[in-house]
Number of protein chains: 2
Amino acid sequence: MNALDFTHDPAAQSWVLSANAADSDFPLQNLPYARARKAGSQQDWRVVVAIGDQALDLALAATQGKWSSAIQVLLDPLARGDLNSLMAQPAASRRSLRQALFEALREGSAQQTRLQSALVAQSDLEFALPARVGDYTDFYAGIHHAVAVGKLFRPDNPLLPNYKWVPIGYHGRASSLVVSGTPVRRPWGQRKGPQDETPQFLPSQRLDHELELGLWVAQGNALGHPIPIQQAEEHLFGLSLLNDWSARDIQPWEYQPLGPFLAKNFGTTLSPWIVTLEALAPFRCPQERAAEDPQPLPYLKSTGNEAAGGIDLHLEVWLHTAAQRAAGRPAVRVAFSNMRHMYWTAAQLLTHHASNGCNMQPGDLLGTGTLSGPTPEQAGSLLELTFGGKQLIDLGDGETRTFLQDGDELSLRAYAERPGARRIGLGPCTGLIQPALPAI
Amino acid sequence: MNALDFTHDPAAQSWVLSANAADSDFPLQNLPYARARKAGSQQDWRVVVAIGDQALDLALAATQGKWSSAIQVLLDPLARGDLNSLMAQPAASRRSLRQALFEALREGSAQQTRLQSALVAQSDLEFALPARVGDYTDFYAGIHHAVAVGKLFRPDNPLLPNYKWVPIGYHGRASSLVVSGTPVRRPWGQRKGPQDETPQFLPSQRLDHELELGLWVAQGNALGHPIPIQQAEEHLFGLSLLNDWSARDIQPWEYQPLGPFLAKNFGTTLSPWIVTLEALAPFRCPQERAAEDPQPLPYLKSTGNEAAGGIDLHLEVWLHTAAQRAAGRPAVRVAFSNMRHMYWTAAQLLTHHASNGCNMQPGDLLGTGTLSGPTPEQAGSLLELTFGGKQLIDLGDGETRTFLQDGDELSLRAYAERPGARRIGLGPCTGLIQPALPAI
């Protein structure tokens, strides 16, 4: 999946002129997939491909464009809104579709006149989740997050003994995955503070975000049959931003002994676009390990991993409060980080997950866990940024935060850039906090 | 859901004579649903209803029978194998279908000649999972199991402080749910014993069963909107037996801090039939609470719960080893228990799950957790029966077990009986342990 080809040529331009702007998230070299329709319409969802500020509607492109029969077969289910079908294809087929779309949208393409009317402005679209998610798993691969959170409870020994051996993960809730832009309702829940004699059931007062990426599974494996580490990346389709909203006051009271549950499953927001691993090929980087870290067990070890198991993807967290919006003031960046800080690679997460024979299916989603960086301002959650709610964040103009307030709009952003490659972005992952409902 | 009507008349008989045998799991008063087709065929799956040793094929019954238009509308999706559609109906509609099927299969029904040819012998069928499971959650509502397992680690203080306040649960893996009869492959996994300097990746040597029931969700709730406890049972469809296979050597090394993961998700077996809550109405019993137990918080409290929140359902665990089968010796019952030992009612589990706004969908599955009884021989897992693998179970003829060996066939069984009601059963939930695959 790391191989570079003509679709990574940084000089290539599109006949869709907005894609050629230097700061576009979606140049010709990106070509991410989403599911969308005209906003407010009752159209069936169809798969679209981002190009500049436009989207190529594959329902129209499949009939108006001129495609080889091999590509036409891949396009037909996409025209019906089924991205899972493409995920189920072998990596070579997925790559061939990327190449065909690249050529069709490239400056000078003979397809321009045929596809011009298959373009829709992204601003005219509404989005669904990009795929049907069978199962959603959330990992804990951000080691700086694990250390920072561990320090709040065990200052001298923040990392548990299994962390550097086992890619820690747990199952999340698929039904409450929502697409960017969907409001998030403040949850009620049980909590019990150290001073409380009995627990109380109240709206969460410690509502938090978590800066994560979601890895989309491509081809699956049969139940009982693992995925060898050397083949793992062929089974991965791409990634989206993921905000694992968390109620920090519900979590400590409920999570022993079986892990987080209602503190997490009231909503998880995904950015609409899936940026493929092929598009990210120019931004691969070494897996980040310290010299004293143990070697992975053999089933998690591959020679490619050390050199290019990581992805150099810049991440940001932006907060826009109701007061800021009312006053016309801009959002504030509260943190930045990078995907390269994952202790385990995407391939290791997938191989570990299937190592007991657990069956993956196309469209399954693997959250990376919160991807904090090594310094305090690189923290991917308010829990870390405020040292457990003890230190205020100054937002300027007299506003501060520990945890999220009603009306706050939280956005995750991500882009990759390096000399010699065309910058690509993921598009935002946004949610607005709504007040809790009245008591039931 | 507790109301009795003519479908609970213990004297009612069916024109399907095998249903009238006193020891049948499937008399006229039961009428559970499954998805099946002729074994070895390539038929589409259709919904079937058990009656004695036969199954009424609803694909045939929908066209051959004579039904009111209200019932015909309910039958048509079932004929296409879609049981989720019935789950999504209001409780009154589900009850009306039960009544229509009862009348059609009752002795003297005018439908007998029309439906005779819609019967298939159950022994000629193969089964699928009874519904499409969106999300699978596993609870921990068996308090005797929680105490027994807690004692292995904390003899003086086995129950954690949250147990009697929070219905503890975690998300399971939906993709690896399999129907009774599907072999279960022994998983590989990381483990690290107290003497080991580093972990090892090996086939599990402590493979165990867990005796559970699976509660099927009927109508769902919108994201953000809880399910009040008074309405919870209307949102429950019925139950199946559930075996939550567990690798006891993988679990302790991986489960901190986010809960069980690969120790559980390599396979979970369900019995094919869903026995509805309506069928279980004669067997409701008080919720089992000790006088000193705290009152549930108001959102989990309903006046009906104390009197009839429980279900008096007898449970058994049977083991049939390869040696026993080869010698023609019968299976051995290794434990028995009862569903009434749940600390939380089915309604409380569902209401708690949705109390933060988490959205349930028709066909979602809630495992109860291991339903051990109060005495050692009522333990729903080998972990408990062998006191953590320290005490052998004697199977007779020189065979013993601590944990499951390759070739062992483990079956869960369940039935309800009481004076004045017709006995009903769930049908078996069986899995045969296959040896681990070679190393990857």
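For clarity, every value in this text was computed on a predicted model and none was experimentally measured. (Residues numbered from 1 in each chain as written. Chains lettered and ligands numbered in written order. Predicted model: local features only at pLDDT ≥ 70, side-chain atom pairs only at ≥ 80, totals over all residues. Heavy atoms only, no water.)

**Observations regarding the domain arrangement of chain A**
All names here are of chain A.
Argument step 1. With domains assigned, chain A is organised as domain 1 (6–128) and domain 2 (136–434).
Argument step 2. Look at where the C-alpha atoms of domain 1 and domain 2 centre, and you get two points 28 Å apart.
Argument step 3. Taken together, the 34 residues of domain 1 in the interface contact 27 residues of domain 2.
Argument step 4. Summed over both partners, the interface of domain 1 with domain 2 comes to about 2,400 Å²; 60% of that surface belongs to carbon and sulfur atoms.
Argument step 5. Taken together, the connections running from domain 1 to domain 2 amount to one salt bridge.
Argument step 6. Linking Arg423 and Asp25 is a salt bridge whose minimum nitrogen-to-oxygen distance equals 3.1 Å.
Argument step 7. Taken together, domain 1 and domain 2 are joined by 14 residue pairs in polar contact (both at pLDDT 80 or more).
Argument step 8. Elements with a minimum of two residues in the side of domain 1 that touches domain 2: β1 (33–38), β2 (46–51), α3 (84–87), α4 (91–105) and β5 (125–128). (Domains from an automatic or database assignment. Contact = heavy atoms within 4.5 Å. Buried area = accessible area lost by both parts, 1.4 Å probe. Salt bridge = Lys/Arg side-chain N within 4 Å of Asp/Glu carboxyl O. Polar contact = N/O pair within 3.5 Å; in protein donor to acceptor, adjacent residues only side chain to side chain. Helix = DSSP H or I, 4+ residues; strand = E, 2+ residues; numbered from the N terminus.)

**Comments concerning the sheet that holds strand β4 (residues 119–121) of chain B**
Residue and element names in this part refer to chain B.
Argument step 1. Read across the open sheet, the five strands follow the order β4-β3-β2-β1-β5; overall the sheet is antiparallel. Sheet topology places β4 and β5 (125–128) at the edges, where each strand pairs with a single neighbour. Between one strand and the next, the sheet's axes are offset by a mean angle of 50 degrees, whatever the strand orientation.
Argument step 2. In this structure, strand β1 (residues 33–38) lies alongside strand β2 (residues 46–51), joined through four bridges in antiparallel fashion. Among the inter-strand pairings, Arg35 is bridged to a residue of β2, identified as Val47.
Argument step 3. Here helix α4 (residues 91–105) sits on the sheet in contact with β1, β2 and β3 (54–57), set at roughly 55 degrees to β1. (Pairing = 2+ DSSP bridges. Axes fitted to C-alpha atoms, helices over the stretch in contact; angles between N-to-C directions.)

**Observations concerning the interface of chain A and chain B**
Argument step 1. Taken together, the 59 residues of chain A in the interface contact 59 residues of chain B.
Argument step 2. Between chain A and chain B, a total of about 5,700 Å² is buried, with carbon and sulfur atoms accounting for 65% of that surface.
Argument step 3. Viewed at the interface, chain B and chain A are joined by four salt bridges.
Argument step 4. The shortest N-O distance in the salt bridge between Asp364 of chain A and Arg173 of chain B comes to 2.7 Å.
Argument step 5. Across the contact surface, chain A and chain B share 26 residue pairs in polar contact (both at pLDDT 80 or more).
Argument step 6. Looking at the side of chain A that touches chain B, the elements that each hand over two or more residues are β6 (136–139), β7 (169–171), β10 (188–191), β11 (200–203), α7 (251–254) and α10 (346–354) of chain A.

**Re the relation of the copies chain A and chain B**
The relation between the two chain copies is a rotation about an axis coupled with a shift along that axis.
Argument step 1. In screw terms, the move from chain A to chain B is a rotation of 180 degrees and a rise of 0.0 Å along the axis, fitting with an RMSD of 0.0 Å. Taken together, the turn and the small shift mark the pair as related by a two-fold rotation axis. Closest approach to the rotation axis within chain A is made by the C-alpha atom of Gly259 of chain A, at a distance of 2.1 Å.
Argument step 2. Both copies share a contact surface, since 100% of the interface residues of chain A are interface residues in chain B too. (Least-squares fit on C-alpha atoms with pLDDT ≥ 70 in both.)

**Some details on the UniProt feature "domain: Fumarylacetoacetase N-terminal" (unreviewed entry) in chain A**
Argument step 1. UniProt marks residues 29–130 of chain A with the feature "domain: Fumarylacetoacetase N-terminal" (unreviewed entry), using the numbering shown here.
Argument step 2. Secondary structure over residues 29–130 of chain A splits into 40% helix and 23% strand, and the C-alpha atoms at its two ends are 20 Å apart. (UniProt positions renumbered as here; feature names shortened; annotations may be inferred.)

**Regarding the pairing of strand β20 (residues 314–320) of chain A**
Residue and element names in this part refer to chain A.
Argument step 1. Summarising burial for β20: six of the seven residues are buried, a large majority.
Argument step 2. One ladder, built from six bridges, connects β20 with strand β21 (residues 332–338); its direction is antiparallel. The partner of Val317 across the bridge, within β21, is Ala335.
Argument step 3. Where β20 lies against strand β25 (residues 409–416), seven bridges are found, and the strand directions are antiparallel. By the bridge assignment for β25, Leu315 is matched with Ala414. (Buried < 20%, exposed > 50% of the residue type's maximum accessible area, 1.4 Å probe, protein only.)

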